Amino acid sequence: VQLQASGGGLVQAWGSLRLSCAVSGRAFSYYVMGWFRQAPGKDRDFVATISRTSAGTTYADSVQGRFTISRDNTKNTVWLQMSNLKPEDTAVYYCAAKMLWGDAVRTKETDYDYWGQGTQVTVSS
């Protein structure tokens with residue numbers, strides 16, 4: 001399984017970006033997906049997760065109401081729509097995947113087995 005994140009860039013505060021994560025291989029619908037981010041000098045933090053069928057989503061408090069995670073199992077892709085961006089959202093964003101039999105979400109970094117390479121998001125004030 002390979003994950004390819006894209007869509008990062010430089011944006012002004014209050015702007016929007018949409019990140020994409022394309023997943024290679026079969027059985028994408030069996031993976032719970034997550035987005036994490038790592039700011040310079042800080043640990044990698046949870047951002048959002050979506051269950052296999054999209055029935056469940058969970059967000060970090062810091063992005064609740066501003067970010068939306070979604071997926072299309074026919075396209076092997078998960079997205080993170082980010083709106084009302086703030087300078088503190090600046091980080092490298094990573095997508096992650098874990099094969100799961102149930103339709104649950106996962107919020108811990110250690111829950112995930114596969115990671116993308118990261119895409120830089122920079123928000124200027």
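Residues numbered from 1 in each chain as written. Predicted model: local features only at pLDDT ≥ 70, side-chain atom pairs only at ≥ 80, totals over all residues. Heavy atoms only, no water.

Q: Honestly, unusual backbone geometry in this entry has me stumped. Any pointers?
A: The general pattern is negative phi for most residues beyond glycine and trans for most peptide bonds. Its identity is not glycine, yet Ser-54 carries a phi of approximately 75°, on the positive side. Note on placement: Ser-54 falls in the loop between strand E5 (44-50) and strand E6 (57-59). The phi angle at Asn-84 is positive, at roughly 50°, despite the residue not being glycine. The exposure class assigned to Asn-84 is partly exposed, which follows from its relative accessible area of 34%. (Helix = DSSP H or I, 4+ residues; strand = E, 2+ residues; numbered from the N terminus. Buried < 20%, exposed > 50% of the residue type's maximum accessible area, 1.4 Å probe, protein only.)

Q: Sorry if this is basic, but what is going on with the pairing of strand E4 (residues 31-38) here?
A: The buried fraction of E4 amounts to seven of the eight residues, a majority that puts the element mostly inside the structure. Of the strand pairs in this sheet, E4 and E5 are connected by six bridges, and their pairing is antiparallel. In the sheet register, Gln-38 faces E5, and the bridge partner there is Arg-44. Joining the antiparallel neighbours E4 and E5 is a turn of five residues, in which Gly-41 adopts a positive phi near 75°. (Pairing = 2+ DSSP bridges.)

Q: Would you explain the nonpolar core in this entry?
A: Across soluble globular proteins, nonpolar side chains show a tendency to be buried alongside one another. Core analysis: the biggest nonpolar cluster contains 36 residues, and Met-33, Trp-35, Leu-80, Met-82 and Tyr-93 have the highest contact counts within it. Mapped by element, the contributors of at least two residues to this core are strand E1 (3-6), strand E3 (17-23), E4, E5, strand E7 (67-72), strand E8 (77-82), strand E9 (91-99) and strand E11 (119-124). In contact with Met-82, other than residues within four places in its own chain, are Gly-15, Ser-16, Leu-17, Leu-19, Arg-66, Phe-67, Tyr-93 and Val-121. (Core = buried A, V, L, I, M, F, W, Y, C linked by side-chain atoms within 4.5 Å. Contact = heavy atoms within 4.5 Å.)

Q: Please explain the sheet that holds E3 as it appears in this structure.
A: Strand-to-strand pairing in sheets goes through backbone hydrogen bonds, with the strands running parallel or antiparallel. Taking strand neighbours across the sheet as the criterion, the four strands line up as E1-E3-E8-E7 in an open arrangement whose pairing is antiparallel. For this open sheet the edge positions go to E1 and E7, each flanked by a neighbour on one side alone. Strand-to-strand, the axes of this sheet are offset by a mean angle of 15°, without reference to chain direction. As defined by bridge partners, E1 adjoins E3 across four bridges and the pair is classed as antiparallel. Note on E3: the bridge partner recorded for Gln-4 is Ala-22. (Axes fitted to C-alpha atoms, helices over the stretch in contact; angles between N-to-C directions.)

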